[in-house]
Amino acid sequence: MSASARRLSLNLFIYPGGHHEAAWRYAASDVDHLLDIDFYQKLARRAEQAKLDGIFFADGPVLADNIRFAARFRLEPITWLAAIATATSRIGLIATASTTYGEPYNLARLFASLDHISKGRAGWNIVTTSAGLAAQNFGLSEHPSHADRYGRAQEFVDVVTKLWDSWEDDAILLDKKTGIYADDTKIHPIDHIGRHFRVKGPLNTPRTPQGRPVYVQAGASDDGRSFAARYAEAIFTAHQTLANAREFYADIKRQAKALGRHPDHIKILPGISPFIGSTEAEAQKLHDDFNELVQPEYSLHQLKRMLGIDLAGHDLDAPFPSHLINFDGAQAVASRFKVVLDIVDREKPTLRQLLHRLAGARGHWVTVGTPEQIADRMETWFQSGAADGFNVMPPYLPGGFDTFAEQVVPILQKRGLFRLDYEGTTLRDHYGLPRPESVYGQQARATA
Ligand SMILES: Cc1cc2nc3c(=O)[nH]c(=O)nc-3n(C[C@H](O)[C@H](O)[C@H](O)COP(=O)(O)O)c2cc1C
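Below: a short report on this structure. Quick caveat: nothing in here was measured; it's all calculated off a predicted structure.

Attention shifts here to the site of the ligand. Around the ligand, the surrounding shell holds 24 residues, and the nearest of these are Asp 59, Tyr 150, Ala 220, Ser 221 and Ser 335. Ser 130 places a polar main-chain atom, nitrogen or oxygen, 3.3 Å from an oxygen atom of the ligand. In this structure, Ala 218 approaches the ligand through a main-chain N or O atom, which is 3.3 Å from an oxygen atom. Contributing elements (two or more residues each) for the shell around the ligand: strand E4 (122-127), helix H4 (146-165), strand E10 (234-237) and helix H9 (334-347). Its residues assigned to classes, the shell around the ligand shows nine nonpolar, 13 polar and two charged.

A few words on the packing of helix H8 (residues 296-307) against helix H10 (residues 351-359). The geometry of H8 relative to H10 is characterised by a closest axis approach of 10 Å and an angle of 80 degrees between their N-to-C directions. Comparing the axis directions of H8 and H10 gives the class roughly perpendicular. Side by side, H8 and H10 meet where Pro 296, Ser 299, Leu 300, Leu 303 and Met 306 of the first sit next to Leu 351, Leu 354, Leu 355 and Leu 358 of the second.

Moving on, we come to the nonpolar core. Grouped together as the largest cluster of nonpolar side chains are 73 residues, with contacts concentrated most on Leu 10, Leu 52, Ile 55 and Trp 124. Element by element, the count of residues in this core is highest for H4, at eight residues. Residues within four places of Ile 55 in sequence aside, it is in contact with Leu 12, Ile 14, Ala 44, Ala 47, Leu 81, Ile 84, Ile 91, Gly 92, Leu 93 and Ile 94.

This next bit is on the side chain of Arg 72. Looking at the secondary structure, you find Arg 72 in the loop between strand E2 (54-57) and helix H2 (77-85). For Arg 72, which is buried and forms no salt bridge, the nearest opposite charge comes from Glu 21, at a distance of 6.3 Å. In this structure the side chain of Arg 72 is engaged in a polar contact, spanning 3.1 Å, whose partner is the side chain of Tyr 298.

Time to look at a nonpolar patch on the surface. There is a patch of nonpolar side chains on the surface, built from Ile 172, Leu 174 and Tyr 181 and spanning about 320 Å² of accessible area. With respect to the helices and strands, the residue Tyr 181 is situated in strand E6 (residues 180-182).

Turning next to unusual backbone geometry. With omega at -5 degrees, the peptide bond leading from Gly 201 into Pro 202 counts as cis. In this fold, Pro 202 is placed in the loop between strand E8 (198-199) and strand E9 (214-217). Residue Pro 398 is bonded to the preceding Leu 397 through a cis peptide linkage, with omega at -5 degrees. Its place among the elements puts Pro 398 in the loop between strand E13 (389-392) and helix H12 (399-414). One non-glycine residue, Leu 174, lies in positive phi territory at about 50 degrees. The exposed category is assigned to Leu 174, whose relative accessible area is 59%.

Parameters at a glance
Residues numbered from 1 in each chain as written. Predicted model: local features only at pLDDT ≥ 70, side-chain atom pairs only at ≥ 80, totals over all residues. Heavy atoms only, no water. Near = heavy atom within 4 Å. Polar contact = N/O pair within 3.5 Å; in protein donor to acceptor, adjacent residues only side chain to side chain. Helix = DSSP H or I, 4+ residues; strand = E, 2+ residues; numbered from the N terminus. Nonpolar A, V, L, I, M, F, W, Y, C, P; charged D, E, K, R; others polar. Axes fitted to C-alpha atoms, helices over the stretch in contact; angles between N-to-C directions. Parallel < 35°, antiparallel > 145°, perpendicular 65-115°, else oblique. Contact = heavy atoms within 4.5 Å. Core = buried A, V, L, I, M, F, W, Y, C linked by side-chain atoms within 4.5 Å. Buried < 20%, exposed > 50% of the residue type's maximum accessible area, 1.4 Å probe, protein only. Lys, Arg positive; Asp, Glu negative; His and termini not counted. Salt bridge = Lys/Arg side-chain N within 4 Å of Asp/Glu carboxyl O. Patch = residues over 30% accessible without salt bridge, like charges linked within 9 Å, V, L, I, M, F, W, Y side chains within 5 Å. Areas by Shrake-Rupley, 256 points an atom, 1.4 Å probe, with all protein chains shown as cover.

Written as structure tokens, this is what we have:
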């Protein structure tokens with residue numbers, strides 16, 4: 001495999017218990033250790049042995065209101081990944097953090113620290129938080145509107161970027177003879193005054209190994225797409241069909257190019273939840289076994305979050321009642337709403353069939369087959385302008401990931417689509433992203 005060949009980027013998206021909503025009930029799920037850091041360290045080391053680019057934790061600052069039926073608690077992802085950093089050496093560590101319910105100075109410090117602790121493996125999944133209930137934990141009477149959330153997100157990321165840039169790379173002198181620790185002309189206040197934030201700076205943490213942690217983004221509404229085209233270096237996204245994934249891919253790369261960015265510097269990574277069997281029938285049986293464990297009460301609740309309508313009490317085996325969908329209610333998660341509507345339009349499912357369809361991975365691509373078939377499908381998406389790689393979402397843990405790592409990854413490697421070994425040490429190296437220079441360093445050189 002030549003160093004310049006285009007290769008897949010693969011992340012392991014870890015949900016406690018696995019991505020299928022009934023995963024924790026599956027006999028082979030290891031659910032006794034979901035609060036045990038050893039479990040996650042071991043999982044991350046397995047992902048590293050398989051040469052994956054990164055692991056990723058989602059997050060939201062509120063407890064899911066359907067915890068009764070599934071392991072939907074959260075540990076705080078930066079803390080979680082700092083502990084995993086010490087048990088691994090190469091794999092990227094991507095944490096979700098909200099721009100709606102946080103402050104840029106605190107967040108810049110946390111991620112800068114994770115980048116130092118991990119020696120350059122940190123990534124920030126920038127989200128505006130879709131769960132409206134979070135507002136109640138932050139003294140707000142209501143969740144800010146979609147447009148306001150993205151407005152704040154933009155300024156938030158600008159401030160964090162300036163803070164990460166506030167130390168030039170060569171600011172630390174360590175000159176024991178003269179007694180000069182740092183060249184403080186290379187450590188810059190940012191003097192930010194904007195609509196949402198007033199931040200003087202500089203950051204109290206030196207420039208990090210990657211310069212800046214990797215910017216990841218996961219919203220796909222119109223606002224989300226333009227935000228991603230401007231800032232994101234990797235994009236997590238959910239698509240059910242190749243056609244939708246291609247449209248999204250082309251749109252983002254086009255918008256990024258129009259902003260003067262190199263399209264290769266944005267990795268578009270749709271979610272894939274693989275149900276793998278040694279025969280097609282075995283894979284299908286695995287998928288069916290999971291759906292047997294689904295609890296409709298939980299699934300209906302999930303659907304309500306995606307569509308904004310409560311279908312509790314409706315006949316599960318009657319056709320999905322499309323006429324009840326209120327398009328104005330879609331604002332909370334605009335893009336996932338569209339994914340569900342597309343399934344309804346295309347497949348005309350019963351309510352139960354729709355619930356099963358979404359149970360695997362909340363609207364992400366669920367694919368059922370042999371290792372060869374899964375690899376073929378991934379290759380098709382990769383080669384036809386739909387994906388630069390994937391966010392791998394095992395239905396259950398750890399077995400659902402082990403099967404992927406042991407049976408699908410070697411096929412991708414044999415086809416020259418995936419690395420045999422790491423060529424660098426940072427997450428930027430794995431994704432093939434440049435290390436950014438501090439804007440203050442750039443300005444200083446331009447005026448020198
Ligand atoms: C793979 C993936 C992971 C996501 N993880 C989170 C998350 O951890 N927290 C969150 O609030 N939203 C998460 N989202 C949702 C988006 O970030 C975004 O908040 C939501 O889709 C609404 O934005 P949109 O309307 O632009 O799509 C995720 C989306 C995807 C595709």
